[in-house]
Amino acid sequence: MRLVLLGAPGSGKGTQAARLREHLQVPHISTGELLRAAVAAGTPLGVQAKSVMESGGLVSDDIVLGMLEERLLRPDAADGFILDGYPRNLVQARALDALLAKIRQPMDIAVQLDVAQDLLVSRLSGRAHVEGRADDSPEAVRKRLSVYEEQTAPVVDYYRNTGKLACLDGVGSVDEVFIRIVEAISPGKDVG
Ligand code: ADP
């Protein structure tokens, strides 16, 4: 199963991806986590990405695509993957289609977790206290949510138009949302 998880910052993608990884037995590939690891390791890519990430902006499409391609070509992704945090704009959505066509692994489904904006803000400010991520400051959170509205929301329409979108209610307990996803991706289920 090759699955793309879509949803605003705070929508629960990371939490659900971890559960899905166990369920589907395929790797969870988070471009945010790959970038944070590069920043922590101080690689040239990490040095370049650090300040834009802290401000809540998007790292350049070329950098993220190169990093993603390298990750998708690792053997553990040959039987499928859960992609989280990519694509974040239309350029990336088209680049992903081209990349997956090139490696002959077209995606199966895009799952969007839908959560109202005010709930996102309160989830993210709660997480800021617990995890202390540099981009969970109020200012960076505001920026990330506006980047999502302007650049990532069109990606949802992109997948809707290709008939690959399952749009799900992301509000509820972790278990409730997980069950909705499992139902939406189960074989024979109509997407849409
Ligand atoms: P969240 O979904 O909570 O915003 P992520 O961990 O997915 O968090 O991403 C954190 C940051 O990493 C983003 O704000 C952005 O700066 C950078 N990033 C992650 N994925 C991408 C991407 N596909 N394109 C550009 N920048 C990205």
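Conventions used here
- Residues numbered from 1 in each chain as written.
- Predicted model: local features only at pLDDT ≥ 70, side-chain atom pairs only at ≥ 80, totals over all residues.
- Heavy atoms only, no water.
- Helix = DSSP H or I, 4+ residues; strand = E, 2+ residues; numbered from the N terminus.
- Rg over C-alpha atoms; globule rule 2.2 N^0.38 Å.
- Buried < 20%, exposed > 50% of the residue type's maximum accessible area, 1.4 Å probe, protein only.
- Contact = heavy atoms within 4.5 Å.
- Areas by Shrake-Rupley, 256 points an atom, 1.4 Å probe, with all protein chains shown as cover.
- Lys, Arg positive; Asp, Glu negative; His and termini not counted.
- Charge placed at Lys NZ, Arg CZ, Asp CG, Glu CD.
- Domains from an automatic or database assignment.
- Buried area = accessible area lost by both parts, 1.4 Å probe.
- Salt bridge = Lys/Arg side-chain N within 4 Å of Asp/Glu carboxyl O.
- Polar contact = N/O pair within 3.5 Å; in protein donor to acceptor, adjacent residues only side chain to side chain.
- Nonpolar A, V, L, I, M, F, W, Y, C, P; charged D, E, K, R; others polar.

Turning our attention to the overall build of the chain. Broken down by element type, the chain carries eight helices and five strands. Ordered by position from the N terminus, the helices and strands of the chain form the series β-α-β-α-α-α-β-α-β-α-α-β-α. The C-alpha radius of gyration computed for the chain amounts to 16 Å, which stays within 12% of the reference 16 Å derived for 192 residues, consistent with globular compactness. Taking the principal axes of its C-alpha atoms as reference, the chain extends roughly 45 × 35 × 30 Å. Per-residue burial over the chain gives 44% buried out of 192 residues. Of the contacts formed within the chain by residues at least 6 apart in sequence, a portion of 75% connects residues at least 24 apart. Total accessible area on the chain stands at roughly 9,700 Å², and carbon and sulfur atoms take up 53% of it. Of note, the chain has its 22 positive side-chain charges centred 2 Å away from the centre of its 26 negative side-chain charges.

Here the chain is partitioned into domain 1 (2-27 + 80-185) and domain 2 (31-73). A C-alpha centroid distance of 17 Å is found between domain 1 and domain 2. Of the residues lining the interface, 24 residues belong to domain 1; the matching set on domain 2 comes to 16 residues. Of the roughly 1,600 Å² buried between domain 1 and domain 2, counting both surfaces, carbon and sulfur atoms make up 63%. Inspection of the region where domain 1 meets domain 2 yields one salt bridge. The salt bridge partner of Lys 102 is Glu 69, with a shortest N-O separation of 2.8 Å. Summed over the shared surface of domain 1 and domain 2, the result is five residue pairs in polar contact (both at pLDDT 80 or more). Among the elements of the structure, β3 (81-84), α5 (90-102) and α7 (138-161) are those that each provide at least two residues to the side of domain 1 that touches domain 2. Counting residues per element, the side of domain 1 that touches domain 2 draws most heavily on α5, at seven residues. Per-class residue counts for the side of domain 1 that touches domain 2 are 13 nonpolar, four polar and seven charged.

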